[in-house]
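The residues making up each chain are set out below.
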Amino acid sequence: MLTTLHLYHRATVHKMLIEAIQRAWRRHQVLVPLYRHLAARAPDERRESLLLQLAERERLHQQRYERMLSRLRAPLPGGACLFDHIWLWLLPHCGPDLAMRWAAWVERRDTRAILEAMLLARSLIRRH
């Protein structure tokens, strides 16, 4: 029998998962153009090609997040916020190494948040 407390926990975890996926989707609103900006400034064709491939990979990740949100019946978040626009302006000026380290850190953080919410949701389902 599902208790009110259990339903509350499930709703809370569901909301946590949606927010984590929406945050990751929104970050990709910065990552895709960031890689394209870096590609435009690349010193050679090989690096330009690699950065364009990374931009495409991130675009595909963003589409995956869209599908996840659709399955959860959750809306896409609004576009990039002012903070995201500042990052998009600032990072290309900091150099490709720093920009790519930031992008990797954001990816790890967002992936970890989504996985933690999914594991928490799974543990709640198993308990009841």
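Residues numbered from 1 in each chain as written. Predicted model: local features only at pLDDT ≥ 70, side-chain atom pairs only at ≥ 80, totals over all residues. Heavy atoms only, no water.

A. Summary view of the overall build of the protein chain. Secondary structure assignment for the protein chain yields four helices and zero strands. Helices and strands in the protein chain line up, N terminus first, as α-α-α-α. Taking 128 residues into account, the globule formula puts the C-alpha radius of gyration at 14 Å, and the protein chain, at 18 Å, lies well above it. Relative to all contacts within the protein chain whose residues are 6 or more apart in sequence, the contacts with residues 24 or more apart total 80%. Carbon together with sulfur atoms contributes 60% to the accessible area of the protein chain, which is approximately 8,400 Å² in total. Where the 22 positive side-chain charges of the protein chain centre and where its 12 negative ones centre are 9 Å apart. (Helix = DSSP H or I, 4+ residues; strand = E, 2+ residues; numbered from the N terminus. Rg over C-alpha atoms; globule rule 2.2 N^0.38 Å. Contact = heavy atoms within 4.5 Å. Areas by Shrake-Rupley, 256 points an atom, 1.4 Å probe, with all protein chains shown as cover. Lys, Arg positive; Asp, Glu negative; His and termini not counted. Charge placed at Lys NZ, Arg CZ, Asp CG, Glu CD.)

B. Just a nonpolar patch on the surface, in detail. Taken together, the side chains of Leu82, Ile86, Trp89 and Leu90 make up a nonpolar region of the molecular surface, amounting to roughly 440 Å² of accessible area. In this structure, leucine 90 sits in helix α3 (residues 82–94). Judged by relative accessible area, leucine 90 falls into the partly exposed class, the value being 33%. (Patch = residues over 30% accessible without salt bridge, like charges linked within 9 Å, V, L, I, M, F, W, Y side chains within 5 Å. Salt bridge = Lys/Arg side-chain N within 4 Å of Asp/Glu carboxyl O. Buried < 20%, exposed > 50% of the residue type's maximum accessible area, 1.4 Å probe, protein only.)

C. Spatial organisation of α3. If you check α3, its first and last C-alpha atoms are 18 Å apart, about what 13 residues at 1.5 Å a residue would give, namely 18 Å. Along α3, the residues classified as buried are Asp84, Leu88, Leu91 and Pro92. Down the axis of α3, the buried side of the element spans an arc of 90°, and every buried residue falls inside it. Every exposed residue of α3 that faces more than 90 degrees away from the buried side is listed here: Leu82 and Trp89. With its phi angle positive at about 100°, glycine 95 sits one or two positions after the end of α3. (Expected span 1.5 Å × (residues − 1). Arc of directions from axis to C-beta.)

D. Focus on the side chain of glutamate 107. Looking at the element boundaries, glutamate 107 is found in helix α4 (residues 96–127). No salt bridge is formed by the buried glutamate 107; its nearest oppositely charged neighbour, arginine 57, is found at 5.1 Å. Beyond its immediate stretch of four places on either side in the chain, glutamate 107 contacts His28, Leu31, Glu58 and His61.

E. Up close: helix α2 (residues 45–71). With 27 residues, α2 extends 39 Å between its outermost C-alpha atoms, agreeing within 8% with the 39 Å of an ideal straight helix rising 1.5 Å per residue. Residues of α2 that are buried: Leu51, Leu54, Ala55, Glu58, His61, Gln62, Tyr65, Met68 and Leu69. Two or three places before arginine 46, at the start of α2, stands the capping residue aspartate 44, its side-chain oxygen 3.2 Å from that residue's backbone nitrogen. Phi turns positive one or two residues past the end of α2, at arginine 73, with a value near 55°. (Polar contact = N/O pair within 3.5 Å; in protein donor to acceptor, adjacent residues only side chain to side chain.)

F. Just the environment of alanine 103, in detail. Its location among the elements puts alanine 103 in helix α4. Ignoring sequence-local partners within four residues, the contact set of alanine 103 consists of Leu31 and Tyr35.

G. Quick peek at the confidence of the model for the protein chain. For the protein chain, the average pLDDT comes to 89, and 91% of its residues sit at 70 or higher. Averaged pLDDT values for the elements of the protein chain fall to 86 in α3 and rise to 96 in α2. (pLDDT = per-residue confidence, 0-100.)

H. Seen up close, unusual backbone geometry. Of note, the phi angle at arginine 73 is positive, near 55°, even though the residue is not glycine. Relative to the helices and strands, arginine 73 resides in the loop between α2 and α3.

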